[in-house]
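# Per-entry structural report
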Amino acid sequence: MWSCITNFFTYETTKSVVVKSWTIGIINRVVQLLIITYFLGWVFLYEKAYQIRDTAIESSVMTKVKGFGVYNNRVMDVADYVTPTQGASVFCVITKLITTENQVQGYCPESEKKYKCTQDGDCTKHLNKPGGYGVPTGRCVPFNATMNTCEMRGWCPAEIDYIKTDPMVEVENFTIFIKNSIRFPTFNYTKGNFLPTITANYIKNCNFDMVENTYCPIFRVGDVVRYAQQNFSVLADKGGVIGIKIGWMCDLDKSDDECSPSYSFTRLDAMSQGNVVSPGYNFRFAKYYKMDNGTDYRTLVKAYAIRFDVLVNGNAGKFNMIPTLINMVAAFTSVGVGTVLCDIILLNFLKGAEQYKAKKFEEVSDTPPDSKASGLYCSQLSIRHDDVMRSSDSGAFSIERYS
């Protein structure tokens, strides 16, 4: 116990030992050079650690779709195939429709094959459960001349959604216009994707591409799908979700012209591609009407669509003294790692490690000896060459006071 107490109340101070060794000298300088190179090349130049960064980007997105298509012998314009119509950052371009017209409230047979029946007993098991398109009544009624299905109460006739239809091929040539404004609140910096070089005449004739028109805000649907590495025919048939990503990586220490958007494209619902239960993307909506006698009826539409999500991200950086000083101190401190590595090599791996331990570690006691001179303690430091005291791990010399 006394040994633990005395070992606890000890003090360690740095002692400089000059080691004249080519091996250790080269290792020390190489490690220091690597650390300095890391901080200069990666931390300061690449990561720009001398800057304060703002990642809380504020963004506004407005969109417009243009183009005409022909579907079921009808000319389709923007009001027919784009939903919602507000021009938001998330919108759908409908590629094909399954329409059920003149539906009214009443009783009619279910259209799904799982409701096939031969007697009422086959339908009672569906009671108190949600039906395919309405509330089950428990009765078995004729669906057509060859098949009976369970009856339901709801909008009749029931939708038949397994009809095969072809998508609207003109969708591939529709264009999407994107207007994006951003702001970095920390620096009160605002910018838009309409760069100074973009003119009204340029807008009328350009289409975005990855080589020549990288800043054109008009995107052809077929090109967006291709950049997302998708097959347009498959996507138009089943539907899907495509992300249009706008990245703003701005260095505000440079010219304002260098803060420009970059566009990238990806399939956001990639997991649904291999899903046989619910592949692609579709939704339903209805248009409601009223007969002369006051009865409501509707046209139900099941729409397969390509949904576009415009996603904006980015950050801005500007020089600031505080992060600069912090990283400079970290760089100077890290240079000392070379000393630690060299000590490990000297103490454990090189020939003459015991000699180095004896020079590096020494124990000094503050207990005076019993002998006195003229009633006063007179002492001097000396190294006891004949009685070397070594610790279990360092082999340190013990230095004590002598009268």
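Keep in mind the model is a prediction, meaning the values are calculated, not measured. (Residues numbered from 1 in each chain as written. Predicted model: local features only at pLDDT ≥ 70, side-chain atom pairs only at ≥ 80, totals over all residues. Heavy atoms only, no water.)

## Re the state of the cysteines
Where we set the bar: To count as a disulfide, a pair of cysteine sulfur atoms needs to be within 2.5 Å. Segments assigned H or I by DSSP are reported as helices when at least four residues long, segments assigned E as strands when at least two residues long, and all are numbered from the N terminus. Remark: exposure states derive from per-residue accessible area (1.4 Å probe, protein chains only) relative to the maximum for the residue type, with buried under 20%, exposed over 50%, and partly exposed in between.
If you walk through the whole model with that rule in mind, you get 5 disulfides. Here Cys123 engages in a disulfide with Cys150; their sulfurs sit 2.1 Å apart. Between Cys123 and Cys150, the S-S torsion sits near -90 degrees, and that sign places the bridge as left-handed. Of this pair, Cys123 sits in helix 4 (residues 121-124) while Cys150 is found in strand 8 (residues 148-156), placing the two residues 27 residues apart along the sequence. Cys150 carries the same exposure label as Cys123, and that label is buried. A disulfide bridge connects Cys250 with Cys259, and the sulfur atoms are separated by 1.9 Å. Residues Cys250 and Cys259 share a disulfide whose torsion about the S-S bond is about 55 degrees; that sign makes it right-handed. Here the cysteine-cysteine linkages of the protein are recorded as 1-6, 2-4, 3-5, 7-8, 9-10, numbering only bonded cysteines and doing so in sequence order.

## Thoughts on a nonpolar patch on the surface
Quick note on the threshold: Note on patches: the residues involved have over 30% relative accessible area and no salt bridge, like charges join within 9 Å, and the nonpolar side chains Val, Leu, Ile, Met, Phe, Trp and Tyr join within 5 Å. A 1.4 Å probe and the Shrake-Rupley method give the accessible areas. Residues count as covered only by the protein chains that appear here. What makes a salt bridge here is a side-chain nitrogen of Lys or Arg within 4 Å of a carboxyl oxygen of Asp or Glu, nothing more.
Taken together, the side chains of Met1, Trp2, Ile5, Phe8 and Phe9 make up a nonpolar region of the molecular surface, amounting to roughly 730 Å² of accessible area. Relative to the helices and strands, Phe8 resides in helix 1 (residues 2-8).

## Structural notes on the side chain of Asp209
Definition in use: Counted as positive: Lys and Arg. Counted as negative: Asp and Glu, with His and the chain ends omitted from the count. For this analysis, a polar contact is any N or O atom pair within 3.5 Å, provided that within protein one partner can donate a hydrogen and the other can accept it, and provided that sequence-adjacent residues contribute only side-chain to side-chain pairs. Only heavy atoms matter for contacts: two residues are in contact if any of them lie within 4.5 Å across the pair.
You can see Asp209 is positioned in the loop between helix 5 (200-205) and strand 11 (218-220). One buried charge, Asp209, has no salt-bridge partner; the nearest side chain with opposite charge is Arg226, at 8.3 Å. From its side chain, Asp209 meets the backbone nitrogen of Glu212 in a polar contact 2.6 Å long. Side-chain polar atoms of Asp209 contact the side chain of Asn213, separated by 3.1 Å. Not counting residues up to four positions away in its chain, the partners in contact with Asp209 are Thr214 and Tyr227.

## Examining the packing of aromatic side chains
To keep it simple, the criterion reads: Geometry of aromatic contacts follows a simple scheme: Phe, Tyr and Trp rings, the Trp one being its six-membered ring, pair when their centres are within 6.5 Å, and the pair is stacked under 30 degrees between planes, edge-to-face over 60, tilted otherwise. Criterion for a charge above a ring: Arg CZ or Lys NZ at most 6 Å from the ring centre, at most 35 degrees from the ring normal.
Here the structure, examined in full by the defined rule, presents 18 aromatic pairs. Arranged with centres 5.3 Å apart and planes meeting at 75 degrees, the rings of Phe208 and Tyr263 form a pair that is edge-to-face. Within this pair, whereas Phe208 is found in the loop between helix 5 and strand 11, its partner Tyr263 is found in strand 13 (residues 261-267), the two being separated by 55 residues in sequence. Owing to a relative accessible area of 8%, Tyr263 belongs among the buried residues under this scheme. Over the face of the ring belonging to Tyr304 we find Lys96, whose NZ or CZ atom lies 4.6 Å from the ring centre. Over the ring of Tyr162 we find Lys113, and its NZ or CZ is 5.7 Å from the ring centre.

## Quick look at helix 2 (residues 22-46)
The test is simple: Given the number of residues in a helix, its expected span is that number minus one, multiplied by 1.5 Å.
With 25 residues, helix 2 should cover 36 Å at 1.5 Å per step; its first-to-last C-alpha distance of 34 Å lies within 8% of that length. Considered for burial, the residues of helix 2 that qualify are Ile24, Asn28, Val31, Gln32, Ile35, Phe39, Val43 and Phe44. The inward-facing, buried residues of helix 2 abut helix 8 (321-334) and helix 9 (337-348). Just past helix 2, the residue Lys48 takes up positive phi, approximately 55 degrees.

## A look at the packing of helix 2 against helix 9
Where we set the bar: Throughout, an axis means a line fitted to C-alpha atoms (over the contacting stretch in the case of helices), and angles, computed between N-to-C directions, take values from 0 to 180 degrees. An angle counts as roughly parallel when it lies under 35 degrees, as roughly antiparallel when it exceeds 145, as roughly perpendicular when it falls between 65 and 115, and as oblique in every other case. Here a crossing is taken to be left-handed if its near helix is turned anticlockwise relative to the far helix by less than a right angle, and right-handed if that turn runs clockwise. Here the nonpolar group is Ala, Val, Leu, Ile, Met, Phe, Trp, Tyr, Cys and Pro; Asp, Glu, Lys and Arg are the charged ones; every other residue, Gly included, is treated as polar.
Between helix 2 and helix 9, the shortest axis-to-axis distance is 8 Å and the interhelical angle comes to 150 degrees. Considering the angle they form, helix 2 stands roughly antiparallel to helix 9. Considering only the axes of helix 2 and helix 9, their crossing is right-handed. Counting all contacts with helix 2, which are made through Ile24, Ile27, Asn28, Val31 and Ile35, the residues of helix 9 involved are Val337, Gly338, Thr339, Leu341, Cys342, Ile345 and Leu346. A breakdown of the residues in the contact of helix 2 with helix 9 according to their chemical character gives 9 nonpolar, 3 polar and no charged.

## Digging into the nonpolar core
Note the cut-off: By nonpolar core is meant a set of buried Ala, Val, Leu, Ile, Met, Phe, Trp, Tyr and Cys residues that side-chain atoms within 4.5 Å join together.
Counting 54 residues, the largest nonpolar core has Tyr81, Phe184, Phe265 and Phe308 as the members making the most contacts within it. The element contributing the most residues to this core is strand 15 (residues 296-319), with 7 residues. Formed by 8 residues, the second largest nonpolar core is a distinct cluster that contains Val31, Val43, Phe44 and Val335.

## A look at the pattern of salt bridges
Summed over the entire model, instances satisfying the criterion amount to 12 salt bridges. The residue Asp161 makes a salt bridge to Arg284 at a minimum N-O spacing of 3.2 Å. Linking Asp161 in the loop between strand 8 and strand 9 (175-184) with Arg284 in strand 14 (residues 282-290), this pair joins segments that are 123 residues apart in sequence. In this structure, Arg307 engages Asp309 in a salt bridge whose closest nitrogen and oxygen atoms are separated by 3.0 Å. You can call Arg307 partly exposed: its relative accessible area is 25%. By relative accessible area, Asp309 is classed as buried at 9%. Linked through salt bridges whose partners overlap, the residues forming this network are Glu159, Asp161, Arg284 and Lys302.

## Digging into helix 9
In an α-helix there are 3.6 residues to a turn, and that puts residues three or four apart on one side. Compared with the 16 Å implied by 1.5 Å per residue over 12 residues, the 17 Å span of helix 9 between its first and last C-alpha is a close match. Within helix 9 the residues assigned to the buried category are Gly338, Cys342, Asp343, Ile345, Leu346 and Leu347.

## Quick word on the confidence of the model for the protein
In plain terms, the rule: Confidence scores per residue from the predictor, reported as pLDDT, run from 0 to 100.
Put simply, the protein has an average pLDDT of 85, and 90% of its residues get 70 or more. Across the protein, strand 11 holds the top mean pLDDT of 96, while strand 18 (residues 397-402) sits lowest at 34. When the criterion is pLDDT under 50, residues 371-403 qualifies, and its contacts beyond four places in sequence or with other chains add up to 62 contacts.

## Describing the environment of Thr197
Its place among the elements puts Thr197 in the loop between strand 10 (189-192) and helix 5. Taking relative accessible area as the criterion, Thr197 reaches 66% and is therefore assigned exposed. C-alpha separation for the pair Thr197 and Tyr215, spaced 18 residues apart in sequence, amounts to 9.4 Å.

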